[in-house]
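Results of the structural survey
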Amino acid sequence: MNKIYGIYKFKRGKDVGEFGMVSLAVDIAGVRLRNPTMLASGILGISGKLLRKVAKAGAGAVVTKSVSLRPKPGYLNPTIIEVDCGFINAMGLPNPGVDYFMKEVVIAKEGNVPVIASVVGERVEEFVEVALKLEAAGVDALELNVSCPHAGAGLIGQNAELTYEVVEAVKQKVKIPVFVKLTPNVTDITEIARAATDAGADAITAINTVKAMCIDIETGRPILSNVFGGLSGPAIKPIAIRCVYEIYRVVDVPIVGVGGICKWQDVVEFLMAGASAVQIGSGVIKGLSIFSEITEGLKCFLEKKGYEDINCIVGLAHRV
Amino acid sequence: MVTSMNYPRIVEVKEIVEEAYDVKSIFFSQRGLKKPKAGQFFMIWIPGIDEVPMSVSFIGENELGITVKKVGEATAALHSLSVGDKIGVRGPFGNGFTLSDGDVLIVGGGIGIAPLYPLIMDLLNTTDSITVVLAAKNNKMLIFLDKISNILRRECDSLVVVTDDGSAGLRGLASDIAAKLIEEKSYDHIYMCGPEIMMRKIFDKAEEKGVEVQACLERYMKCGIGLCGSCCIGEYLVCKDGPVFNSEILRKLKDEFGVFKRDSSGLPIEFSS
Ligand SMILES: Cc1cc2nc3c(=O)[nH]c(=O)nc-3n(C[C@H](O)[C@H](O)[C@H](O)COP(=O)(O)OP(=O)(O)OC[C@H]3O[C@@H](n4cnc5c(N)ncnc54)[C@H](O)[C@@H]3O)c2cc1C
Ligand SMILES: Cc1cc2nc3c(=O)[nH]c(=O)nc-3n(C[C@H](O)[C@H](O)[C@H](O)COP(=O)(O)O)c2cc1C
Ligand code: FES
């Protein structure tokens, strides 16, 4: 495990001079991003035009809403609720189904940044079928959502064997890179991360939301129609950082960090924990300018610290 | 991180008014809620049933109202409420109308008059004249007729009632009557809410004559706060960038406005006339 101790790329205190000289570009399993910020799955990613808009607003890549074989209406409302430091959602993976969604992918591609399609299924064969169709539609990579905390498919990501099976089946069929998105709702996330990479995952995305619920005290009723949902936003950032840090120690593939990112400092923290890129979900509530604000902040930080390349800080917190 | 209005406030139903056989207004206290603007909406939670978007149709000192047309399960549940029952209210959301001056035309088709009523109240203070086209399928479905005739007290204001079958007022389609008015008079601004095909026709006519419009749109709402994308139209979100869109934006939405909306899964559904 050369990587754990080998922060060989780490350069310190070197004056890089001009602002523009700092490189923010990253490469995740062959997917090249102009900067390390991506739109997280399930946020706005239901239409090609919205994905294109997010790309134009400065995201380095965009991830689509999780797409299944057949259209899914999702759960009845309320599907999202704000709590202290975040949101709890149980959308129920609404999506128009892969056959229709292929048309939206074409429009999303006009944003000129990599489009990563999130895939969800009830069974192994469904994952494979959806993955193949999205590959044919021209997406740059796939992200397998085996981690939704309030849908049946979420159970896959809680079981190392099932995860292995799904990832292996998809990897055998598609040529584009496959990311696997993990759930924190497990005893040991490294076990699942290992299963995914053993099966050939090209990158790990961590984390999906944390299983949660809330009850209205006036009426004594759970608010979400599905009762349980997933917690996102600043509340889960420390959990996500811990997961990325743990996963970095056991896998050799790039990690995409996600959970609670609202500002550039959060991104630096994820990178130092071992992520090579990040995704932003709930933080989009502040507006799409979050992408350009974060990249500006990252540039200033790197410049101030004397790094020429953002990749230099990946995994920094692991150095001994 | 965000405002606290994204959590349902539990309010008690204070008053219920039957507006037509399938339309009821429900009033509740504003306490704990930010004062809305005309054109903004609330997500109304009926515990155990659903949470649906409803425009604010009455903005009082301390009281707010919504006006609900019964079309399915959630709206039927709202119709079965009694005074004293509790509902959850999340919001207000969306942009609301922008007030203008001069001579304005207001077109409300069916339940579409709901968000326009508080707008008319505001416009009475800023405009020279107001012409309201109040349209419905038939006289039984006509709502707010008394309310609106009561507030249009100025000499310069007028009210045109239109029904598809002529059972009240003029016989015809609201879009045709409005188009004729736009052709004959010179309005400074047009406000509308109602069936989208009606609004599209009026928009096209207004474009021809160079009159600015504001149209209040509906799309399937889930989060109501600009996160999920469910309510998208073009690159815009009806819950956040709308529900009121002006001519400048409508021009960019020509392949969707009055053409299709999306169902809860995101699949397009074409509007039928
Ligand atoms: C911004 C906005 C303001 C609105 N204001 C009013 C109003 O003032 N008065 C009024 O009577 N109605 C209003 N509506 C429409 C109202 O939300 C729907 O009629 C209601 O949701 C129907 O629910 P249901 O269960 O009774 O019907 P269903 O049988 O579930 O559906 C009937 C129709 O309502 C639509 N609908 C259902 N759920 C939603 C949802 N979550 N979001 C959007 N559409 C939905 C369906 O697509 C369908 O076309 C508004 C809608 C929007 C988007
Ligand atoms: C409204 C909403 C919908 C989501 N839908 C999906 C989804 O379809 N697929 C998925 O993999 N993750 C989904 N997520 C999880 C996010 O992609 C992300 O992993 C999580 O929200 C943590 O990041 P954040 O704190 O930046 O939001 C969703 C999150 C939210 C808030
Ligand atoms: S309803 Fe979710 S973005 Fe508008």
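Remember, predicted model here, so these are calculated numbers, not experimental data.

1. Details of the pattern of salt bridges
Scanning the model with the defined rule gives 27 salt bridges over all chains in all. Notably, a salt bridge pairs A:K49 with B:D255, separated by 3.6 Å at the nearest N-O pair. A residue pair is termed interchain when its members come from two chains, as with A:K49 in helix 2 (residues 48-56) and B:D255 in the loop between helix 6 (247-250) and strand 16 (260-262). The exposure class assigned to B:D255 is exposed, which follows from its relative accessible area of 51%. Measuring nitrogen to oxygen at the nearest pair gives 3.3 Å for the salt bridge that ties B:R251 to B:E212. Placement of B:R251 in the loop between helix 6 and strand 16 and of B:E212 in strand 12 (residues 212-216) is noted, with a sequence separation of 39 residues between them. Among the ionic contacts, a cluster of salt bridges with common partners joins A:K237, A:K263, A:D266 and A:E269.

2. What about the confidence of the model for chain B?
Looking at chain B, pLDDT values average 95 and 98% of them are 70 or higher. For this predicted complex, the interface confidence reaches an ipTM of 0.93, while the overall pTM sits at 0.94.

3. Section: the interface of chain A and chain B
Between chain A and chain B, the residue contacts involve 42 residues of the former and 40 residues of the latter. At the boundary of chain A with chain B, total buried surface from both sides reaches about 3,400 Å², with 62% on carbon and sulfur atoms. Counting across the chain A and chain B interface gives eleven residue pairs in polar contact (both at pLDDT 80 or more). At the level of elements, helix 2, strand 5 (80-83), helix 3 (98-108), strand 12 (215-216) and strand 13 (221-222) of chain A are the ones that each hand at least two residues to the side of chain A that touches chain B.

4. Examining the pairing of strand 6 (residues 86-89) of chain A
Residue and element names in this part refer to chain A. Taking every second residue as pointing to the same face, both faces of strand 6 are buried, with G86 and I88 on one and F87 and N89 on the other. Relative to strand 6, strand 5 is paired through four bridges, and the arrangement is antiparallel. Residue pairing across strands places I81 opposite I88, the latter belonging to strand 6.

5. A closer look at the domain arrangement of chain B
Residues and elements named next belong to chain B. By domain assignment, chain B separates into domain 1 (9-93) and domain 2 (103-270). Here the C-alpha centroids of domain 1 and domain 2 sit 21 Å apart. On the side of domain 2, 21 residues touch domain 1, which itself brings 22 residues to the contact. Carbon and sulfur atoms supply 68% of the area that domain 1 and domain 2 bury against each other, a total of about 1,600 Å² over both sides. Connecting domain 1 to domain 2 are one salt bridge. With a closest N to O distance of 3.2 Å, K147 and E19 form a salt bridge. At the junction of domain 1 and domain 2, the tally comes to two residue pairs in polar contact (both at pLDDT 80 or more).

6. Overview of unusual backbone geometry
Residue A:I207 is reached from A:A206 by a cis peptide bond, and omega for that bond is 15°. Among the secondary structure elements, A:I207 is positioned in the loop between strand 10 (203-206) and strand 11 (210-212). Residues B:G91 and B:P92 are joined by a peptide bond in cis, for which omega reads 0°. By the secondary structure assignment, B:P92 is in strand 6 (residues 86-93). Of note, the phi angle at A:L93 is positive, near 50°, even though the residue is not glycine. Structurally, A:L93 is set in the loop between strand 6 and helix 3. You can call A:L93 buried: its relative accessible area is 6%. Phi at A:V227 takes a positive value of approximately 65°, unusual for a residue other than glycine. Along the chain, the position of A:V227 falls in the loop between strand 13 and strand 14 (229-232).

Rules of the game
Residues numbered from 1 in each chain as written. Chains lettered and ligands numbered in written order. Predicted model: local features only at pLDDT ≥ 70, side-chain atom pairs only at ≥ 80, totals over all residues. Heavy atoms only, no water. Salt bridge = Lys/Arg side-chain N within 4 Å of Asp/Glu carboxyl O. Helix = DSSP H or I, 4+ residues; strand = E, 2+ residues; numbered from the N terminus. Buried < 20%, exposed > 50% of the residue type's maximum accessible area, 1.4 Å probe, protein only. pLDDT = per-residue confidence, 0-100. Contact = heavy atoms within 4.5 Å. Buried area = accessible area lost by both parts, 1.4 Å probe. Polar contact = N/O pair within 3.5 Å; in protein donor to acceptor, adjacent residues only side chain to side chain. Pairing = 2+ DSSP bridges. Domains from an automatic or database assignment.

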